[in-house]
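Fold and contact review
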Amino acid sequence: MTGLKKLIHEAHQRSLWQVLGIYLVASWLVFQVVQTLTEGLGLPDWVPPFALILLLIGLPIVVATAFVQEGLGGREVTDSTEPVPSDRSPETPQGSSPATAADGRTHHRLFTWRYAILGGVAAFALLGIVTASYMTMRTLGIGPAGTLVAKGMLEEGVDVVLAEFESSDADLGDVVTGALRIDLVESPTIRLVPRSELTDALSRMQREEDAPITSDVARELAVREGYGAIIEGSVGTAGSGYVLTASILGGEGWEPLAGFRATARSEDELIDAIEELSRNIREKAGESLRSVQSAPPLDQVTTASLEALRTYTRAETLEGEGDREAALELYERAVAIDPSFAMAYRKVGVALSNMGIRREDEIAANTRAFELRERLPQREQLQAEAYYHWSVTGDRDAAIRVYESLLEIDPDDVVALNNLAISYRNRDRLEESERLVERAVAVEPFTVAFINLATTRARMGRPGPAEAALDSGIARLPRAAFAFEQDRVELAASLSRYEAADSMIAAYATRFRGPDALRIAAQLRFRLDAVRGRLRLAEESLEDFGVASGFWTNPMSVAYLRSSLALFQGDSATAARIALDAHDRFRDSLPPGDRRYFLTIRTLLEAGKRVEAEQLVEEWQELVPDDALGVLGRDNRRGTRARLAFTRGDYEEAARLWEAHRRECPGWPPCALNAAQGLARIHEEAGDAAAAIVEYERLLSEPYRNRFWFDARQRGPTLERLGQLYDEAADLENAAKWYAMFVELWRDADPELQPRVEAAQQRLNEIFAERG
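Residues numbered from 1 in each chain as written. Predicted model: local features only at pLDDT ≥ 70, side-chain atom pairs only at ≥ 80, totals over all residues. Heavy atoms only, no water.

1. What to know about the overall build of the chain
Counted only if it meets this: Secondary structure elements follow DSSP: runs of H or I no shorter than four residues count as helices, runs of E no shorter than two count as strands, and numbering proceeds from the N terminus. Every residue pair with non-hydrogen atoms within 4.5 Å of one another is taken to be in contact. Accessible areas in this description were obtained via Shrake-Rupley with a 1.4 Å probe; residue shielding takes into account the shown protein chains only.
Of regular secondary structure, the chain possesses 36 helices and 6 strands. Expressed as a percentage of contacts within the chain between residues at least 6 apart in sequence, the contacts between residues at least 24 apart total 60%. Here the chain displays about 35500 Å² of accessible surface, and carbon together with sulfur accounts for 53% of that area.

2. Looking at the pattern of salt bridges
For the record, the criterion: The term salt bridge refers to a side-chain nitrogen of Lys or Arg lying within 4 Å of a carboxyl oxygen of Asp or Glu. Remark: exposure states derive from per-residue accessible area (1.4 Å probe, protein chains only) relative to the maximum for the residue type, with buried under 20%, exposed over 50%, and partly exposed in between.
Scanning the entire structure with this criterion turns up 40 salt bridges. Across the salt bridge formed by arginine 396 and aspartate 635, the nearest N and O atoms sit 3.9 Å from each other. With arginine 396 in helix α17 (residues 396–409) and aspartate 635 in helix α30 (residues 630–648), this pair connects stretches of sequence that are 239 residues apart. Neither residue differs from the other here; arginine 396 and aspartate 635 are each classed as buried. In this structure, glutamate 766 engages arginine 763 in a salt bridge whose closest nitrogen and oxygen atoms are separated by 3.0 Å. Residue glutamate 766 and its partner arginine 763 are located together in helix α36 (residues 754–771), separated by 3 residues, close to a single helical turn.

3. What to know about the environment of aspartate 627
Relative to the helices and strands, aspartate 627 is located in the loop between α29 (610–623) and α30. Residue classification places aspartate 627 among the exposed residues on the basis of a relative accessible area of 65%. Residues aspartate 627 and threonine 393 lie 234 residues apart in sequence; the distance between their C-alpha atoms is 9.3 Å.

4. Describing the pairing of strand β6 (residues 255–264)
Rules: For two strands to count as paired, DSSP must find a minimum of two bridges between them.
Sheet analysis places strand β5 (residues 241–250) next to β6, joined by 9 bridges and oriented antiparallel. Paired with threonine 245 across the bridge in β6 is arginine 261. The turn joining β5 and β6, which pair antiparallel and follow one another in sequence, is formed by 4 residues; a positive phi near 80 degrees is taken by glycine 251.

5. With respect to helix α20 (residues 447–459)
So the rule is basically this: What a helix is expected to span follows from its residue count: subtract one and scale by 1.5 Å.
Its 13 residues place the ends of α20 19 Å apart at the C-alpha level, agreeing with the 18 Å of an ideal helix rising 1.5 Å per residue. Of all 13 residues in α20, 11 are buried; the element is thus mostly enclosed. All buried positions along α20 are accounted for by Ala449, Phe450, Ile451, Asn452, Leu453, Ala454, Thr455, Thr456, Arg457, Ala458 and Arg459.

6. Brief notes about unusual backbone geometry
Even without being a glycine, arginine 596 presents a positive backbone phi close to 50 degrees. Turning to its location among the elements, arginine 596 is positioned in the loop between α27 (572–586) and α28 (597–606). Looking at arginine 596, the relative accessible area reads 6%, which means it is buried. We note that alanine 730 has phi near 65 degrees; this positive angle belongs to a residue other than glycine.

7. Describing helix α18 (residues 414–426)
Let me state the cut-off plainly: For the purposes of these results, a polar contact is taken to be a pair of N or O atoms within 3.5 Å, where, inside protein, one atom must be able to donate a hydrogen and its partner to accept one; residues adjacent in sequence count only when each atom of the pair is a side-chain atom.
Given a rise of 1.5 Å per residue, 13 residues ought to cover 18 Å, and the 18 Å separating the end C-alpha atoms of α18 matches this to within 8%. Most of α18 sits inside the fold, with 12 of its 13 residues counted as buried. Within the span of α18, buried status applies to Val414, Ala416, Leu417, Asn418, Asn419, Leu420, Ala421, Ile422, Ser423, Tyr424, Arg425 and Asn426. Among the structural elements, α16 (378–393), α17, α19 (430–443) and α20 are those in contact with the buried residues of α18. Near the N-terminus of α18, the side chain that reaches the backbone nitrogen of valine 415, with its oxygen 3.1 Å away, is that of aspartate 413.

Geometric values such as these leave the question of function open.
This is how it looks when you write it as structure tokens:
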């Protein structure tokens, strides 16, 4: 008996209800197989609905066949399709007319299991043929099914400018544009040109750098920069709903290559309509159906709340305009509206980190973004994971692995290129670091990348190429000149070109206006005056620091700098009073994580106030436990414990903590500098001058930016102490070198510091007289 006959035979053994149950179960299994094949092979979205329709059509046919053939109960037959012999007529049932019997024979011949089964097979075979034909036409670029890439209208990886959607409601246009950008940026087939790159191009066009990218501006940008396509669109209203339209434009005349339309019956359906529009664009452009279908829904990678998305979009606009405080407020409002909005948590964490405020909230936001990373696009998932390890767990090896895996997926991801370059630089893998950040600059010129390139080259001992990187940044991003000029000052200062740095600061204050420029100029002046012992001028600069968000404009940080100047002058009592008064004054207005306990404790220890310092250590531990500190907070607490152990005379414990400090945060400049300074003092107490010299010289070996605020407090005293240590070791040549550098650095120092300068000059003269 053939397989078909066996199936037919089995059907005859079942009642109508059994057949119905079997059909429903089999239909469910068939539909699951179709869905799996659609997802696995990247078949069109209409294949599962088509299969479902066929199964629904088959349901009444199967029911009718079972009823005609078997009635409500089953019967046993050998083969229902066996023909009746021509020499024998079937019996006519008693009480039936010949016509009725003929109708029954017709029904029995039409509704047979053979026809039902063969009809189902034929229907699904037709579905397979249609699907295969569609996929072939799509791949070969034939007819309406063909993709733009297959037809040769677009190149794979083409640069596409996304114009801002036109709408009578400007906010709504921004929301649609922003959400569409989030979805399209994940496409491997097209490269959406980032806004920062467009800003650079607008500057070269002598347009306002924050000008809206209208359709006309997008065309001009595409022509000037050689971009291959434009996506433009509009948002219209239809009663209480919306109509979204979009077009891909390309070719020499920028004619429409494809048009798209999606509708939303209300605001609640708008995000779904944006997702539909995006998927249609990606599919028509040439992205594989498997890739399009596997992309997470837009309402998951963003938010299902239109209000939250509106708020997030406005925050991005403000952030792009440089209003960081207002942007942060809106990002936080977005997560308050939708507590599962992972992208907004990412933005909150990054914003707080860049502003140097509310450390505990930053850690919480980064942790929440990590927990919700499945609701992010793939690249942002990895970025959130890497940044979580970078800022929260401190597992820098894990962060490196994640960034490396991100570059395997997208070799041009500038965030991964830049951050991995920093990680490599911190591990002294300088050549690799330089190559990565050069790639980042080539892909998307942005301020931080140029500055990191300059920093890496300076660390390689190449100040000329470092300055060239800053020059290139100014040429490519003139709007960010204030940031590059700041680094010019730091580079000059790191090369001891202080007079040149002074001139640069004067020019900076004249050229750039506004509160941010004022604060930056004040900080630069403070550092340059303090490093040269010009303490009164440095004190004046502190008044211009302002109260803006940021680490060194935090009132506790400013108090620390003011107390440092008092310590410079040998006034320990004043230094301690400044630190304690500031702590009492701002105790209630600052969150515990922003009170800079470690700076206040450091001042008290240097001022000889160990009891007060220990009280603050207990308070800090109680209010901010270790698991709420994050990486930098744990580093600062470890350094505080090392200083406290040193003050207690437990040099072995202090050395252990400083070595751990150096080991736990390799390459991070404050760790390296603080550990070197702490170990140098321990070696001096142990009478090991040679080891102390090694650590002091290490303090002075870091290139610019890496020393940051260290020079302002420690460069002069470190030069002086190196001269003394070499002098005590009878190494007069090196003693003379360091004495000379100290004298030159502090030659214009305040009067109260001049006795130290004179003592060093006198000893220098004696060495010259002795050695010639």
